Amino acid sequence: MGAWRDLPGELEPDAQVLVDRLRKMKDDSGLSLAALAGRTPYSKSAWERYLNGRALPPREAVEALGRLVDRDVVPLTALWELAEQAWNRPRSSTVPQAEPGEEPTGDAAEPAVRARRRLPSGMRLAGALAVSAAVAAGAAAFSAAGGDDTAGRPATTTDTGTTGAETGLDTQCYADACTGLDPRDTGCSGDAWTSALVRVDGVYVELRYSDACRAAWARISWGRPGDVAEVVPAHGRHMRERVHYDTDVFTAMVPAFDPAGVKACTQLRSGRHGCTTPGGRRHLLEPPEPPVTGSPASPPRPSAS
């Protein structure tokens, strides 16, 4: 791999530690910036800013890179949290007045701030991990005491797939269990709706979503054989499918507890490509049927999915 350029001199030590770790993971992956952009929801120029210390990467970007090289995301998240605090730390000598209940500010607080900055990064990371462990222990205790840790799931749907009282659907998968499966074969297309939509060179690109299955997939319409649909989650596997005949195709599913973490893309045979924005909660109108070609030999369009 080529030599990395020097990081900005004003970059805080905690932010430097994060960027150095990201650079090491990127080198370990063997991917170019363009290839890295193709494997994650973040562009080549965005990764260039993140890896050169010119912008704080989103936590999801750090986790996405970690998963590409099979790293545990928990310590990476702890590093990111320290870096975010450092990035947002005021750099001027003027310290704002604390609100009631906040830490002291001004001269009384400055020695503590300086002492906190002198802690070795390993000790700061250990502290962040200890906080994460405490939060996890608290969550476990809450669950054991009868707390509900299934927020966001339909109350009548399980990971193995059950009939949802709200939808009357008999679905065969839920969230992670839907990864790579066909939305029609699993019953997930029964409550599918369009969460995001864009038109690329005359081809409609949709992000389809199932509330019952907590899963999403991409569909393209008005395409041609050779055009590709792709569903791109914020992390995890991308799913692709190519139009083999007629005008449309849909991909296999990816898990998504919220469509905001997924987008749909297309790569056209013409060379054009594009993506929807991340999904929203408003049910959008589906694209119109494409014009009839008049070819009696054309197979029927796939059923709604």
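Predicted, not measured: the structure shown is a model, and the values here were computed from it. (Residues numbered from 1 in each chain as written. Predicted model: local features only at pLDDT ≥ 70, side-chain atom pairs only at ≥ 80, totals over all residues. Heavy atoms only, no water.)

1. Some words on the overall build of the protein chain
Thought 1: Counting its regular elements, the protein chain contains seven helices and nine strands.
Thought 2: For the protein chain, the share of sequence-separated contacts (at least 6 apart) that also reach a separation of at least 24 residues comes to 56%. (Helix = DSSP H or I, 4+ residues; strand = E, 2+ residues; numbered from the N terminus. Contact = heavy atoms within 4.5 Å.)

2. A look at the layout of surface pockets
Thought 1: Within this model, the second largest pocket holds a volume of roughly 340 Å³.
Thought 2: Lining of the second largest pocket is provided by 18 residues; of these, Glu 230, Cys 265, Gln 267, His 273 and Cys 275 occupy positions nearest its centre.
Thought 3: Going through the elements one at a time, α2 (33–39), β4 (228–233), β8 (262–267) and β9 (273–275) are the ones with two or more residues in the lining of the second largest pocket.
Thought 4: Ranked by residues supplied to the lining of the second largest pocket, first place goes to β8 with four residues.
Thought 5: Counted by class, the lining of the second largest pocket contains seven nonpolar, eight polar and three charged residues. (1 Å grid on protein atoms, 1.4 Å probe; cavity = no way out; pocket = protein on both sides within 12 Å on 5 of 7 lines; lining within 4 Å. Points joined across faces, edges and corners; volume = space filled by probe spheres on them. Nonpolar A, V, L, I, M, F, W, Y, C, P; charged D, E, K, R; others polar.)

3. Section: the sheet that holds β4
Thought 1: Reading across the sheet, the four strands line up as β5-β4-β8-β9 and stay open at both edges, with antiparallel pairing between neighbours. On the outer flanks of this sheet lie β5 (239–242) and β9, each paired with one strand and no other. Adjacent strand axes in the sheet meet at a mean angle of 15°, parallel and antiparallel pairs treated alike.
Thought 2: Across six bridges, β4 lies against β8 in antiparallel orientation. Within β8, the residue paired with Glu 230 across the bridge is Cys 265. (Pairing = 2+ DSSP bridges. Axes fitted to C-alpha atoms, helices over the stretch in contact; angles between N-to-C directions.)

4. Remarks on helix α3 (residues 44–51)
Thought 1: Among the residues making up α3, those that are buried are Ala 46, Trp 47, Tyr 50 and Leu 51. For α3, the arc enclosing every buried residue in end-on projection is 125°, short of the 170-degree limit, so these residues lie on one face.
Thought 2: Against the buried residues of α3 lie α1 (13–29), α2 and α4 (59–68).
Thought 3: Positive backbone phi, at 70°, marks Gly 53, one or two positions downstream of α3. (Buried < 20%, exposed > 50% of the residue type's maximum accessible area, 1.4 Å probe, protein only. Arc of directions from axis to C-beta.)

5. Some details on unusual backbone geometry
Thought 1: Positive phi, normally seen in glycine, also occurs at Ala 175, with a value near 55°.
Thought 2: The phi angle at Arg 214 is positive, at roughly 50°, despite the residue not being glycine.
Thought 3: Note that Arg 214 resides in the loop between β2 (203–210) and β3 (215–221).

6. What to know about the pairing of strand β1 (residues 193–200)
Thought 1: By the bridge criterion, seven bridges tie β1 to β2 in an arrangement that is antiparallel. The residue of β2 that forms the bridge with Arg 199 is Tyr 204.
Thought 2: Between β1 and β2, which pair antiparallel in sequence order, lie two residues; one of them, Asp 201, sits at a positive phi of approximately 50°.

7. Quick look at the pattern of salt bridges
Thought 1: Per the counting criterion, the structure on display carries nine salt bridges.
Thought 2: The partner of Asp 211 in a salt bridge is Arg 281, and the shortest N-O contact between them spans 3.0 Å. Of the two residues, Asp 211 sits in the loop between β2 and β3 while Arg 281 sits in the segment after β9, which places them 70 residues apart along the sequence.
Thought 3: Several salt bridges share partner residues, and in doing so they unite Glu 206, Arg 208, Arg 219 and Glu 286 into one network. (Salt bridge = Lys/Arg side-chain N within 4 Å of Asp/Glu carboxyl O.)

8. Let's talk about the state of the cysteines
Thought 1: As enumerated under the stated definition, the model contains three disulfides in all.
Thought 2: The side chain of Cys 173 participates in a disulfide bridge whose partner is Cys 178; the two sulfur atoms lie 2.0 Å from each other. Taking the sign of the torsion about the S-S bond as the criterion, the disulfide between Cys 173 and Cys 178, at about 100°, is right-handed. As far as the burial class goes, Cys 173 and Cys 178 line up, both buried.
Thought 3: Two residues share a disulfide in this structure: Cys 188 and Cys 213, whose sulfurs sit 2.1 Å from each other. Taking the sign of the torsion about the S-S bond as the criterion, the disulfide between Cys 188 and Cys 213, at about -95°, is left-handed. Pair noted here: Cys 188 is in the loop between α7 (121–144) and β1 and Cys 213 is in the loop between β2 and β3, with a separation of 25 residues, a long-range link.
Thought 4: The exposure class of Cys 188 is buried, given its relative accessible area of 0%.
Thought 5: Owing to a relative accessible area of 0%, Cys 213 belongs among the buried residues under this scheme.
Thought 6: For the protein chain, the disulfide bridges join cysteines in the arrangement 1-2, 3-4, 5-6, where the cysteines are counted in sequence order. (Disulfide = S-S within 2.5 Å.)

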